[in-house]
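# Structural overview
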Amino acid sequence: MRTNKTLKFLQILCGISLVSFMTACASQPVDDSAEWTPSKSAVNSHIYLSETNAILYPPQAETNQLRNAYYAAVTSCMQKQGFSYTPTDANSPSLDLISMNEKAIENVYEYVSEEDAVKYGVAVPGWYDQNAKAADDKISSPKDRALYGDENSKNPSGCVNEAMKAVLPKYKRMVELEQEATNISLQATDAISTTKDKAAAAWNKCMKNEGYTQFLSPSSLSSPKGDEAPDMSWPAPNPGIEEIKATQAASRCMLSTRYLEKVSKAEALAVHKILAKKPGLIAEWQELRQDSLKKSKNISGEN
């Protein structure tokens, strides 16, 4: 009898301990960064994409779709007011959200392919249209007032602003999310400084073997004297033979030392860890983005 009571007590005690153990385990925060693996860029297989890149560097096809819709909306608005319109980036107050493209991801890591080096030197292509011209600040003609807006005109807000509202109805919120994504990326970059320094040291050793001792890291490539004279810059606008050779050497060293893989993967994992504390950010962006893409098809008359 006493033995049965003792056995029953032990069973209850073990049951309580097991429940307590399971509860304690369940209450521990789960870090899935060890299981999560970032995907690679569609334009450069050596670069891992962080989740914030979905916001900062969207696919080129989406960029083209939004830009085409924006220009169509401006053209329609201008025609209603009796003016012709030729689409140019200079006619937009801010095209950041519909001008960025996935090619620009290479800018983040100061990478230029050997092929691009011949055309651009150290100036990485991809941020905006290469033929974009600076906007004229003077808004004097009736056409300018129709385009940019004027409180005394028929369309005070201007066709460029009307078009932006049509294509990106949640523009202000999307800008806020874009800024938050940028801040997260900057935090991640700071968090992986040690990894980046080690990768840069290996890159620097490779560059010395290529005959370039002045470049301690890829970021110093913007000056012909590298870290010795960071305020200097390569002659513009067209790259000379020395700039092309240095840029091509930097490209080879980034690939041979796996600089791009090491830095971009570490950054992607750091971003993933930060985003765990900001649930819903990426999902909200994607929802707004898809809504804009759907509206852009209607504006452009696409099926």
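Scoring rules and cut-offs
- As a convention, each chain's residues are numbered from 1 in the sequence order in which they are written.
- Totals for whole chains, interfaces and linings use every residue, but because this is a predicted model, local features are given only for residues with pLDDT of at least 70 and side-chain atom pairs only at 80 or more, for both listing and counting.
- Only hydrogens and water are set aside when side-chain values are computed; all heavy atoms of the structure are taken into account.
- What counts as a disulfide here is a pair of cysteine sulfur atoms lying within 2.5 Å.
- Helix numbering and strand numbering both begin at the N terminus, where a helix is a DSSP run of H or I of at least 4 residues and a strand a DSSP run of E of at least 2.
- For the exposure calls, accessible area comes from a 1.4 Å probe over protein chains only, and a residue counts as buried if that area is under 20% of its type's maximum, exposed if over 50%, partly exposed in between.
- Residues adjacent in sequence count toward polar contacts only when both atoms are side-chain atoms; beyond that, a polar contact is any pair of N or O atoms within 3.5 Å, and within protein one must be able to donate a hydrogen and the other to accept it.
- Residue contacts follow a heavy-atom distance rule, with two residues in contact if any of their heavy atoms lie within 4.5 Å.
- What makes a patch is a set of residues exposed beyond 30% relative accessible area and free of salt bridges, joined within 9 Å when like-charged and within 5 Å when nonpolar (Val, Leu, Ile, Met, Phe, Trp, Tyr).
- A 1.4 Å probe and the Shrake-Rupley method give the accessible areas. Residues count as covered only by the protein chains that appear here.
- The working definition used for a salt bridge is a side-chain nitrogen of Lys or Arg within 4 Å of a carboxyl oxygen of Asp or Glu.
- His is not counted, nor are the chain ends; Lys and Arg add positive charge and Asp and Glu add negative charge.
- All charge positions are set by atom: Lys at NZ, Arg at CZ, Asp at CG, Glu at CD.

## Some thoughts on the state of the cysteines
Counted by the stated rule, this structure contains 2 disulfides. A sulfur-sulfur distance of 2.1 Å marks the disulfide that ties Cys 77 to Cys 159. Note on the Cys 77 and Cys 159 pair: the S-S dihedral is about -75°, so by sign convention the disulfide is left-handed. Remark: Cys 159 occurs in helix 8 (residues 159-167) and Cys 77 occurs in helix 3 (residues 60-80); sequence separation between them is 82 residues. Of the two residues examined, Cys 77 and Cys 159, each falls in the buried class. Disulfide partner of Cys 206: Cys 253, at an S-S distance of 2.1 Å. Taking the torsion about the sulfur-sulfur bond, which here is approximately -80°, the covalent link between Cys 206 and Cys 253 counts as left-handed. Residue Cys 206 is found in helix 10 (residues 193-209), and its partner Cys 253 is found in helix 11 (residues 241-256); the two are separated by 47 residues along the sequence. A single burial state applies to Cys 206 and to Cys 253, both of which are buried.

## Notes on the side chain of Gln 214
Position of Gln 214 among the secondary structure elements: in the loop between helix 10 and helix 11. Here the side chain of Gln 214 touches Pro 224 through a polar contact of 2.9 Å, landing on its backbone oxygen. Beyond its immediate sequence surroundings of up to four residues, Gln 214 is in contact with Ser 220, Pro 224, Lys 225, Gly 226, Asp 227 and Glu 228.

## Topic: a positive patch on the surface
Where like charges cluster on the molecular surface, the positive patch consists of Lys 40, Arg 258, Lys 262 and Lys 265. Along the chain, Lys 262 falls in helix 12 (residues 259-275).

## Let's talk about unusual backbone geometry
Phi at Glu 110 is positive, roughly 55°, even though this residue is not glycine. Considering the arrangement of structural elements, one finds Glu 110 in the loop between helix 5 (105-108) and helix 6 (114-120). Although it is not a glycine, Arg 258 adopts a positive phi angle of roughly 60°. Along the chain, Arg 258 turns up in the loop between helix 11 and helix 12.

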